[in-house]
Amino acid sequence: MELADKILEGDVQAASRLIRGIEDEVPSAIEELKSIYPYTGRAHIVGVTGAPGAGKSTLIDSLISTFRKKKMTVGVIAIDPTSPFTGGAILGDRVRMQSYGIDKDVFIRSLATRGWKGGLSKATANMIHVMDAMGKDIIFVETVGSGQGEIDISRVTDTAIVILTPGMGDEIQMMKAGILEAADIFVINKADRDGADNVKVELEAMLSRRPHPAGEWKPGIILTEAISGKGSEELAEEIFRNKEFLISSGELQKRRREKTKLELVNTIESYLENYIYQNIDKDGYLEKLVDDLVQRKTNPQSAALKIINLSIKQL
Ligand SMILES: Nc1nc2c(ncn2[C@@H]2O[C@H](COP(=O)(O)OP(=O)(O)O)[C@@H](O)[C@H]2O)c(=O)[nH]1
Ligand SMILES: [Mg+2]
């Protein structure tokens, strides 16, 4: 368990090694992952969602500076929406955030989307666990808006930030209600451009149409200029305010319980899926069932239950 011990001390190389091992599903890495789990659950996880080009990476970059000034340690997970086929990371993100490469209290990693929802949220959750065990106080997860096939950010984060930009007035109306409802904090970035106030007015109007029961969180709207860092301090304060609210209202515990449940179900699914491909498929049994299905000798429901029963006996 040497690797795990190093990770608990915040060792960047050990953490990188474990992350690679988890991605490649190396058995020893899975053991290390198990052994760090008791030391997780301490970091505050902040999701940053928005359209490509909204300024998510730039904003996180300026938040890193803000939180480092407060002597807090920071983790960043950038989920790459643009290169699903190469398995590579956005070069821009690497370059832009690289200035923190020498600061051992900032740990940044990219995660390529592999096009499979469950796989992505599992990989994200595991990467969060590693950074959490390293002792990072706050972990940012950057993703594009929850369109089809992308993970629902509120399922892996404590505080969800949605970034809008000037000129989005009409789009707000058309945005999926789910995105707006999941937001704990709205950011209107590129406030140096015309139209930021219009977006704010639109957003306020939309929020005021929503019922606000007493004692519930009312999402704040923060204007930022990520390139200059303007608004970053105010946003950091809003994140703290949300965190305090989540704790005092009991909402944090509730959300984390939900996340834990989801992670358990995801893990069950991935164990089953792995087992099916590695064992049942190898034996030719899967193909045999497919033959039966093609010939309509059985149906997907009965065939699936057959495989599940078989897997459970072996797992
Ligand atoms: N004018 C202006 N440009 C910005 C601001 N924030 C980010 N940008 C620019 O917007 C572009 C996209 O930013 P990026 O952070 O990569 O967006 P992401 O795709 O959401 O991560 C870059 O060229 C940034 O320099 C801002 O506050 N004002
Ligand atoms: Mg980005």
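Here, the structure is the one placed above.
Treat the numbers as computed from the prediction; the structure is a model and nothing was measured. Residue positions are counted from 1 within each chain, in the order its sequence is given. All chains are assigned letters beginning with A, and all ligands numbers beginning with 1, in the order in which they are written. In view of the model being predicted, local features appear only for residues whose pLDDT reaches at least 70, and side-chain atom pairs are presented and counted only at 80 or more, with totals across whole chains, interfaces and linings using the full set of residues. Excluded from the side-chain calculations are hydrogens and water; all other atoms, namely the structure's heavy atoms, are used.

Undergrad: Any chance you could explain the overall build of the protein here in plain terms?
TA: A run of H or I in DSSP counts as a helix once it spans at least four residues, and a run of E counts as a strand once it spans at least two, with each numbered from the N terminus. In terms of regular secondary structure, the protein is built from 13 helices and seven strands. Expressed as a percentage of its 315 residues, the buried residues of the protein come to 45%. Partitioning the intrachain contacts of the protein with sequence separation of at least 6 by distance along the chain shows that 77% fall at a separation of at least 24. Of the accessible surface of the protein, which amounts to about 16900 Å², a share of 53% is contributed by carbon and sulfur atoms. Each residue is assigned to one of three classes by its accessible area relative to the maximum for its type, calculated with a 1.4 Å probe on protein chains only: buried under 20%, partly exposed between the two thresholds, exposed over 50%. Two residues form a contact once any of their heavy atoms are found within 4.5 Å. Shrake-Rupley sampling with a 1.4 Å probe provides the accessible areas, and residues are treated as covered by the protein chains on show and by no other component.

Undergrad: Honestly, the packing of helix H12 (residues 285-294) against helix H13 (residues 300-314) in this entry has me stumped. Any pointers?
TA: Axes are the key here: two packed helices are described by the angle between their axes and the distance separating the axes. Direction vectors running N to C along H12 and H13 enclose 165 degrees, while the axes themselves pass 10 Å from each other. Relative to H13, the element H12 is oriented roughly antiparallel. In terms of crossing hand, the pair formed by H12 and H13 is right-handed. Residue-level contacts link Tyr285, Leu286, Leu289 and Leu293 of H12 to Pro300, Ala303, Lys306, Ile307 and Leu310 of H13. Every axis in this analysis is a line fitted to C-alpha atoms, fitted for helices over the stretch in contact. Angles between the N-to-C directions lie between 0 and 180 degrees. Angular relationships are summarised with four words: roughly parallel below 35 degrees, roughly antiparallel beyond 145, roughly perpendicular across 65 to 115, and oblique for the angles in between. A clockwise turn of the near helix away from the far one marks a right-handed crossing, whereas an anticlockwise turn of less than a right angle marks a left-handed crossing.

Undergrad: Sorry if this is basic, but what is going on with the side chain of Thr66 here?
TA: With respect to the helices and strands, the residue Thr66 is situated in helix H4 (residues 56-69). In this structure the side chain of Thr66 is engaged in a polar contact, spanning 2.6 Å, whose partner is the side chain of Ser232. Residues adjacent in sequence count toward polar contacts only when both atoms are side-chain atoms; beyond that, a polar contact is any pair of N or O atoms within 3.5 Å, and within protein one must be able to donate a hydrogen and the other to accept it.

Undergrad: Sorry if this is basic, but what is going on with the coordination of the magnesium ion (ligand 2) here?
TA: Under perfect tetrahedral coordination by four donors, a metal shows angles of 109.5 degrees; under perfect octahedral coordination by six donors, it shows angles of 90 or 180 degrees. Coordinating donors are taken to be N, O and S atoms lying within 2.8 Å of the metal, or within 3.2 Å when the metal is Na, K or Ca; because water is excluded from the atom set, some sites may appear incomplete. Distances from the magnesium ion (ligand 2) to its protein donors, Ser57 (OG) and Glu142 (OE), fall at 2.1 to 2.2 Å. One end of the pair, Ser57, is in helix H4; the other, Glu142, is in strand S4 (residues 138-144), with 85 residues separating them in the sequence. Accessibility expressed as a relative area gives 6% for Glu142, which makes it buried.

Undergrad: Can you help me understand unusual backbone geometry in this one?
TA: A negative phi angle is the norm for most residues apart from glycine, just as the trans form is the norm for most peptide bonds. The phi torsion at Glu25 lies on the positive side, around 55 degrees, for a residue other than glycine. Glu25 sits in the partly exposed class, given a relative accessible area of 36%. Its identity as a non-glycine residue notwithstanding, Arg296 has a phi of 60 degrees, on the positive side. The residue Arg296 is located in the loop between H12 and H13 in this model. Classification of Arg296 as exposed rests on a relative accessible area of 67%.

Undergrad: Would you explain the site of ligand 1 in this entry?
TA: Neighbouring residues are identified by heavy atoms, a residue being near a molecule or strand if any of them is within 4 Å of it. Surrounding ligand 1, one finds 17 residues, the nearest of these being Gly53, Lys56, Thr58, Asp192 and Ala226. Here an oxygen atom of ligand 1 and a backbone polar atom of Ala54 are 3.3 Å apart. Contact between ligand 1 and Asp192: a nitrogen atom at 2.8 Å from a side-chain N or O atom of the residue. Calculation on ligand 1 without its partners gives an accessible area of 580 Å², and the protein chains cover 75% of this total. The dominant element in the shell around ligand 1, judged by the number of residues it contributes, is H4, at three residues. Put simply, Ala, Val, Leu, Ile, Met, Phe, Trp, Tyr, Cys and Pro go in the nonpolar bin, Asp, Glu, Lys and Arg in the charged bin, and everything else, Gly too, in the polar bin. Class assignment for the residues of the shell around ligand 1 results in five nonpolar, five polar and seven charged.

Undergrad: Please clarify how the packing of aromatic side chains should be interpreted in this entry.
TA: Between two aromatic rings, the relevant description is the distance of the centres plus the angle of the planes. Aromatic pairing here means that ring centres of Phe, Tyr or Trp (its six-membered ring) are within 6.5 Å. Orientation follows from the plane angle: under 30 degrees is stacked, over 60 is edge-to-face, and everything else is tilted. On inspection of all chains with the given rule, the structure shows three aromatic pairs. Where Phe67 meets Phe240, the ring centres are 5.6 Å apart and the plane angle is 70 degrees; that geometry is what we call edge-to-face. In this pair, Phe67 is assigned in helix H4 and Phe240 in helix H10 (residues 232-249), connecting sequence segments 173 residues apart. Judged by relative accessible area, Phe67 falls into the buried class, the value being 0%. Seen in terms of ring centroids, Trp217 and Phe245 are 5.4 Å apart; in terms of plane orientation they differ by 45 degrees. Their pairing is tilted. Taken together, the positions of Trp217 in the loop between helix H9 (196-208) and strand S7 (220-223) and Phe245 in helix H10 put the pair 28 residues apart, joining distant regions of the chain. Each member of the pair Trp217 and Phe245 is classed as buried.

Undergrad: Please clarify how H13 should be interpreted in this entry.
TA: Three- or four-residue spacings in an α-helix give side chains the same orientation, since the helix completes a turn every 3.6 residues. Taking 1.5 Å as the rise per residue, H13 with 15 residues should run 21 Å; its terminal C-alpha atoms sit 21 Å apart, in good agreement. Elements that come into contact with the buried residues of H13 comprise helix H11 (251-280) and H12. Expected span of a helix: the number of residues minus one, times 1.5 Å.

Undergrad: What is the right way to read the pattern of salt bridges from this model?
TA: Side chains that carry opposite charge are capable of pairing whenever their charged atoms lie near each other. Salt bridges are defined by distance alone: a side-chain nitrogen of Lys or Arg within 4 Å of a carboxyl oxygen of Asp or Glu. Considering all chains together, one arrives at 13 salt bridges under this definition. A salt bridge links Asp158 to Arg256, with the shortest nitrogen-to-oxygen separation between them at 2.7 Å. Of this pair, Asp158 sits in the loop between S4 and strand S5 (159-164) while Arg256 sits in helix H11, and the two are 98 residues apart along the sequence. Of the charged contacts in the structure, one is a salt bridge between Asp292 and Lys288, with a shortest N-O distance of 3.0 Å. In this pair, Asp292 and Lys288 are both assigned in helix H12, four residues apart and thus about one turn of the helix distant. Here the residues in one salt-bridge network are Asp184, Glu251, Lys254 and Arg255, joined through shared partners.

Undergrad: Which parts of the structure should I look at to understand a nonpolar patch on the surface?
TA: Patches here: salt-bridge-free residues with over 30% relative accessible area, like charges joined within 9 Å, nonpolar side chains (Val, Leu, Ile, Met, Phe, Trp, Tyr) joined within 5 Å. A cluster of nonpolar side chains, contributed by Leu305, Ile308 and Ile312, occupies part of the molecular surface with about 270 Å² of accessible area. Mapped onto the secondary structure, Ile308 falls in helix H13. Overall, Ile308 belongs to the partly exposed group, its relative accessible area being 31%.

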